[in-house]
Amino acid sequence: MKKEELARLGLDSLTVHAGESPDPAFGAVAPPLYQTSTFAFDSPDQGAARFKGEEEGYIYTRLANPTIDRLEEKIAALEGGAGALACSTGMGAIATLYFSLLSAGDHVVATSSLYGPSRTLLEKQFSRFGVKSTWVDTADLELVQNSILPETKLLYIETPANPTIRLTDIAACAEICREKGLLLAVDNTFASPILQKPLELGADISLHSVTKFINGHTDVVGGILVFKDLEILRRVEKPWQMVGATMDPHQAWLVLRGAKTLKMRVEKAQANAMEAARMLEAHPEVEWVRYPGLESHPQHELALRQMKGPGSLISFELKGGLAEGKQVLERVKLCTLAVSLGGIETLIQHPASMTHAGMGAEARAQAGITDGLIRLSVGCEDAADLVADLKQALDSLT
Ligand SMILES: *Cc1c(COP(=O)(O)O)cnc(C)c1O
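Predicted model, so just to flag it, every value in this text is computed and none were measured.

> Provide a residue-level description of the site of the ligand, including the pertinent values.
The full set close to the ligand counts 14 residues, and M91, D187, S209, T211 and K212 are the nearest of them. At 2.9 Å from an oxygen atom of the ligand is found a main-chain nitrogen or oxygen belonging to G90. Here an oxygen atom of the ligand sits 2.8 Å away from a polar atom, N or O, in the main chain of M91. Taken by itself the ligand offers 380 Å² of open surface, and the protein chains cover 93% of this. The dominant element in the shell around the ligand, judged by the number of residues it contributes, is helix α5 (residues 90-101), at three residues.

Next up, the structure:
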């Protein structure tokens, strides 16, 4: 379908149809998997013209591939972006972003509590090349303002953030970035484009670990960068090709398959999460629950304004702290003890000893990641079964 036609469709129709069109060779309705590393030229002149950019067409899969193009088109349409670049992993996307937009002497302001490696990559690796970073609670807009230096080039936020489920006001950050002339990038993995559209709120780049909700079936790693306009995409495109952080066609083909049911999965998991969060909040063993759908979430009002729904990530802490948390991790039966999130199955994990161990205790404390915090990624099982599983694990503590 043409861009203008797609723009008129609702999200259900878009998830099914964006990036999809019958295969020109045989009319296959499902997207063809072009599992090839290279593409034949009709003549030496054609090869030369493609390299010069004078003729459209494929050259080599690290540069572009028709199956990967379809995925980029689909996710760009869902995010309301001008274009997208699919990456080998979510970290491949984030590393490409940092690598292509930052130079020695530049400074980044970023959310203190976010996906662990997004932070350690800047702090421990890019610092070797003279890139500086300041990590703040980006929910506090005054703190964001005050952290911006003359050499700041990028405001990098994650909302909802991992694993504290704290939110950042995207539109307000976009306003700050416009005033100060910085780029705003948002890690939109936790919300997915079904629940939150950072580009429409003024961000320049929205990115995902497609490993999570977009693929949704726990069988692929991948990432994607989506751009508000093509000018920024073009700044990123060459470095992305040269570092080789590009996606493989088979990955793209699997993600295209998973993404068709994105909206249904996100909505089902979210309905389950609401029930799980209510049960957790009412349970006497639970100290606190952070879920944007609960009135008790400190930014519940922002969630209603900025997101179409609260999603399916919950963090909570037990009165007995880490010791009791470990017992719950051992006693759940339907929930699987594993990192990652956004899959069809419910996963439970302990960030301080797992996903956020690399940050170190001091940075965790500053970011609000307590030792007893348990993170739950609610899946698409029956709500009653999930609630019963969590409840039996909690009841066994008393
Ligand atoms: C998983 C994740 C990443 C990294 O993605 P990979 O596909 O594992 O490389 C980045 N950001 C968030 C919010 C994530 O959950």
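Continuing now.
> Can you break down the domain arrangement of the protein residue by residue, with the values?
Entries for the protein in the domain assignment read domain 1 (3-259) and domain 2 (262-395). For domain 1 versus domain 2, the distance between C-alpha centres works out to 26 Å. Contact with domain 1, which involves 45 residues of that partner, is made by 39 residues of domain 2. Taken over both partners, the interface formed by domain 1 and domain 2 buries close to 3300 Å², and the fraction arising from carbon and sulfur atoms is 61%. Linking domain 1 with domain 2 are two salt bridges, by the criterion used here. Here D12 and K263 are joined by a salt bridge, their closest N and O atoms 2.8 Å apart.

> Outline the pattern of salt bridges, supporting the account with residue identities and numerical values.
Within this structure, the stated rule accounts for 14 salt bridges. A salt bridge links R50 to E55; its shortest N-O distance comes to 3.0 Å. The exposure class of E55 is partly exposed, given its relative accessible area of 29%. Notably, a salt bridge pairs R305 with E301, separated by 3.1 Å at the nearest N-O pair. With a gap of four residues between them, R305 and E301 both fall in helix α13 (residues 300-306), about one helical turn apart. One salt-bridge network, held together by shared partners, links D12, K263 and E267.

> Describe in detail a nonpolar patch on the surface, supporting the description with residues and values.
Residues L337, V339 and M354 make up a contiguous nonpolar surface patch of about 240 Å² in total accessible area. Examined against the element boundaries, V339 turns out to sit in the loop between β10 (336-337) and β11 (347-349).

> Account for the side chain of S118, naming residues and giving values.
Mapped onto the secondary structure, S118 falls in helix α6 (residues 116-125). Take S118: its relative accessible area is 0%, and that puts it in the buried class. Filtering out sequence-adjacent residues up to four positions away, S118 remains in contact with M91, I94, Y98, W135 and Y156.

> I'd love a proper account of the pairing of strand β5 (residues 183-187), names of residues and values included.
Walk down a regular strand and you will see the side chains alternate between the two sheet faces. Of all the five residues making up β5, five are buried; the element is thus mostly covered by neighbouring parts of the structure. Side-chain alternation along β5 places L183, A185 and D187 on one buried face and L184 and V186 on a second face that is also buried. The pairing of strand β4 (residues 152-158) with β5 spans five bridges and is classified as parallel. Bridge pairing in β5 links L154 to L183. The parallel pair β4 and β5 is bridged by helix α8 (residues 170-180), and the resulting crossover is right-handed.

Cut-off values and rules
- Residues numbered from 1 in each chain as written.
- Predicted model: local features only at pLDDT ≥ 70, side-chain atom pairs only at ≥ 80, totals over all residues.
- Heavy atoms only, no water.
- Near = heavy atom within 4 Å.
- Polar contact = N/O pair within 3.5 Å; in protein donor to acceptor, adjacent residues only side chain to side chain.
- Areas by Shrake-Rupley, 256 points an atom, 1.4 Å probe, with all protein chains shown as cover.
- Helix = DSSP H or I, 4+ residues; strand = E, 2+ residues; numbered from the N terminus.
- Domains from an automatic or database assignment.
- Contact = heavy atoms within 4.5 Å.
- Buried area = accessible area lost by both parts, 1.4 Å probe.
- Salt bridge = Lys/Arg side-chain N within 4 Å of Asp/Glu carboxyl O.
- Buried < 20%, exposed > 50% of the residue type's maximum accessible area, 1.4 Å probe, protein only.
- Patch = residues over 30% accessible without salt bridge, like charges linked within 9 Å, V, L, I, M, F, W, Y side chains within 5 Å.
- Pairing = 2+ DSSP bridges.
- Right-handed = clockwise from strand over helix to strand, strands pointing away.

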